[in-house]
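# Breakdown of the fold
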Amino acid sequence: MEPIQTQMVFCCAEQWKNGYFHQIEAWGDGLGLDPAKASTGVFCLAAVDSGEKGYVWGRAAVEAHLPPDTALRIYARAADTRRWENWTDLDEHIRGLSGDPMPALGEIFGPPAGEGQECLLPCTGRYLWLMLELTATGKQAPVIHALRLWMGGDHMTDYLPAIYQGQEFTRRFLSIFDSMYADMDRAIDNLPGRMDYRYAQGDLLRCLADWVCVERADSEEELRARIATALPDYEDLYTVAGVRRSVRRLTGRDPILIEPFQVSPNRPDCQDPVLYRRLYGEDPYRFFVLLPEDTFASQSQREQFQREMEEVIPAGMTMQMIQLKPCVQLDWHTYLGINARIGGYVPAVIDEQATIHYDTTIGGATHE
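Residues numbered from 1 in each chain as written. Predicted model: local features only at pLDDT ≥ 70, side-chain atom pairs only at ≥ 80, totals over all residues. Heavy atoms only, no water.

## Things to note about the pairing of strand 7 (residues 59-65)
- Judged by how many residues are buried, strand 7 sits mostly within the fold: five of seven residues are covered.
- Note: strand 7 against strand 10 (residues 118-120), three bridges, orientation antiparallel. When the sheet's bridge partners are listed, Ala-61 is paired in strand 10 with Glu-118. (Buried < 20%, exposed > 50% of the residue type's maximum accessible area, 1.4 Å probe, protein only. Helix = DSSP H or I, 4+ residues; strand = E, 2+ residues; numbered from the N terminus. Pairing = 2+ DSSP bridges.)

Here it is, written out as structure tokens:
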């Protein structure tokens, strides 16, 4: 069988506008029913011309979002002429309906061809009229995104002996399996396109992210952005730029990174070796990440950040995180105004019971 099937697709506002709307509205490039305005609505598609008299229509498939408490019915009628009783054009007759059109439409289309998003079309003729009926008994709106009509392509009956090819029952029975086979072939043909992370969604997008070891993201847009840069990100993952990017991704903040050689008390240009040794130590395999005090909302978030950072730092290195408090440091010549005084010295007794805060000043004039 030839897997390529000829289809006619209706999926934009320009294709719907010539149809008949009753309590169904145009929603962007699709059709929708607003439950706040009506519980049932119909849309009649303008005649589709196959260009062939006695044309045997195959099946129709509707791509729709149908929440719970909503339903979709498909009605179909075909004929070799556009006339309807005394009317020269059935489309004009439908568009001229007023009041409650359901009795007249029921007379034209008869019982539904199917319920749900796909059905075989039990009609033969050059022209095809379709009516889509949406029903909503809840608060959520059903929306139709696209309509597909199968117009051609090989059929399983084409490979049977001639005696079976003309039997309507055989053709319609095999159409079930024919559509399944065509759908599988189309899904296989479209697989390379579905594997494109730029268009994949949901579970498939997360699966593609797992392939390149991208595990955490707050949204699909962020996931796509990280997949796009996965290769260069891994090339410099263990560099200063890579560590800074990892911290920014996990916290949303730009960190200050201090490497051991920058604060080594043994450097010739180190102005205060004792202070640097007390603050940073002398471990050449430890670096420091400085972040604002309000980076984490809880201790658990802080611990989670440290656990995740252990997986993206160079082997053999350890990270120490320091959260900075906002403060202002005044120099000798800071001007605060006339007769202004920052504060005075308060005598204190220092013993093993006293706590010295980071902003405590020790010392003063001899008379104090």
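Alright, that's what it looks like, and here's the rest.
## Points about the environment of Ala-225
- Within the fold, Ala-225 resides in helix 8 (residues 220-228).
- The exposure class of Ala-225 is partly exposed, given its relative accessible area of 44%.
- Spatially, the C-alpha atoms of Ala-225 and Arg-198 are 8.9 Å apart, while their sequence positions differ by 27 residues.

## Comments concerning the side chain of Arg-224
- Along the polypeptide, Arg-224 turns up in helix 8.
- From its side chain, Arg-224 meets the backbone oxygen of Tyr-197 in a polar contact 3.1 Å long.
- Sequence-distant contacts of Arg-224, defined by excluding residues within four places in its chain, comprise Tyr-197, Arg-198, Tyr-199, Ala-200, Gln-201 and Leu-205. (Polar contact = N/O pair within 3.5 Å; in protein donor to acceptor, adjacent residues only side chain to side chain. Contact = heavy atoms within 4.5 Å.)

## Quick notes on the sheet that holds strand 14 (residues 286-292)
- The sheet built from three strands is open, its strands ordered 13-14-15 with mixed pairing. Each of the sheet's edge strands pairs with one partner strand only, and the pair in question is strand 13 (256-258) and strand 15 (318-324). The average angle at which neighbouring strand axes cross in this sheet is 25°, direction not considered.
- The sheet contact formed by strand 14 and strand 15 spans seven bridges and is parallel. Bridging across to strand 15, Phe-288 finds its partner in Gln-320.
- Sitting on the sheet, helix 12 (residues 299-309) touches strand 14 and strand 15, and the angle it makes with strand 15 is about 150°. (Axes fitted to C-alpha atoms, helices over the stretch in contact; angles between N-to-C directions.)

## A closer look at the packing of aromatic side chains
- Going through the model one piece at a time under the given rule, you end up with nine aromatic pairs.
- Judged by centre distance (6.2 Å) and plane angle (40°), the rings of Tyr-127 and Trp-129 are tilted. When sorted by exposure, Tyr-127 lands in the same class as Trp-129, which is buried.
- Through a chain of ring-to-ring contacts, the aromatic side chains of Phe-10, Trp-16, Phe-21 and Phe-43 assemble into a single cluster.
- One cation-aromatic arrangement involves Arg-82 over Tyr-127; the distance from NZ or CZ to the ring centre is 5.4 Å. (Phe/Tyr/Trp six-rings, centres within 6.5 Å; stacked < 30°, edge-to-face > 60°. Lys NZ or Arg CZ within 6 Å of the ring centre and 35° of its normal.)

## Brief notes about unusual backbone geometry
- Phi is positive for Gln-23, close to 65°, though the residue is something other than glycine.
- A positive phi angle, near 65°, is found at Cys-213, a position not held by glycine.
- Locating Cys-213 in the fold gives a position in the loop between helix 7 (202-211) and helix 8.

## Quick notes on the pairing of strand 8 (residues 70-79)
- Of all 10 residues in strand 8, eight are buried, a share of seventy percent or more.
- As paired elements, strand 8 and strand 11 (residues 127-136) share 10 bridges and run antiparallel to each other. Bridge assignment links Arg-73 to a residue of strand 11, and that residue is Glu-133.
- Bridge count for strand 8 against strand 9 (residues 114-115) is two bridges, and the pairing is antiparallel. For Ile-74, the partnering residue across the bridge sits in strand 9 and is Gly-114.

## Structural notes on helix 10 (residues 240-251)
- With 12 residues, helix 10 extends 16 Å between its outermost C-alpha atoms, agreeing within 8% with the 16 Å of an ideal straight helix rising 1.5 Å per residue.
- Within helix 10, the full set of buried residues consists of Gly-242, Val-243, Ser-246, Val-247, Leu-250 and Thr-251. Down the axis of helix 10, the sector holding all buried residues measures 150°, keeping them to one side.
- On its buried side, helix 10 packs onto strand 13, strand 14 and helix 12.
- Downstream of helix 10 by one or two residues, Gly-252 has phi in the positive range, about 80°. (Expected span 1.5 Å × (residues − 1). Arc of directions from axis to C-beta.)

## A look at the environment of Glu-222
- Looking at where Glu-222 falls in the secondary structure, it is placed in helix 8.
- Accessibility expressed as a relative area gives 26% for Glu-222, which makes it partly exposed.

## Here's the deal with the pattern of salt bridges
- Across all of its chains, the model carries 19 salt bridges by this definition.
- Linking Arg-224 and Glu-220 is a salt bridge whose minimum nitrogen-to-oxygen distance equals 3.6 Å. Separated by four residues within a single helix, Arg-224 and Glu-220 lie in helix 8, roughly one turn from each other.
- With relative accessibility at 17%, the residue Arg-224 sits in the buried group.
- The salt bridge involving Arg-253 is made with Asp-294; its shortest N-O contact spans 3.2 Å. Taken as a pair, Arg-253 in the loop between helix 10 and strand 13 and Asp-294 in the loop between strand 14 and helix 12 lie far apart in primary sequence, 41 residues in all. (Salt bridge = Lys/Arg side-chain N within 4 Å of Asp/Glu carboxyl O.)

## Here we look at helix 3 (residues 102-109)
- When helix 3 is considered as a whole, its buried residues turn out to be Leu-105, Ile-108 and Phe-109. Projected down its long axis, helix 3 shows its buried positions confined to an angular sector of 80°, all on one face. Summarising the geometry of helix 3, the exposed residues directed more than 90 degrees from the buried face are Pro-103 and Glu-107.
- Downstream of helix 3 by one or two residues, Gly-110 has phi in the positive range, about 70°.

## Focus on the nonpolar core
- Among the nonpolar cores identified, the biggest contains 30 residues, and Trp-57, Leu-121, Leu-128, Leu-130 and Leu-149 are the most heavily contacted of them.
- The leading source of residues in this core is strand 11, at five residues.
- Beyond its immediate chain neighbours, meaning those up to four positions away, Leu-128 contacts Ala-46, Ala-47, Val-48, Trp-57, Ala-76, Arg-77, Ala-78, Leu-121, Cys-123 and Leu-149.
- In terms of nonpolar packing, the next biggest core, distinct from the first, is built from 16 residues, Cys-44, Leu-97, Tyr-127 and Met-131 among them. (Core = buried A, V, L, I, M, F, W, Y, C linked by side-chain atoms within 4.5 Å.)

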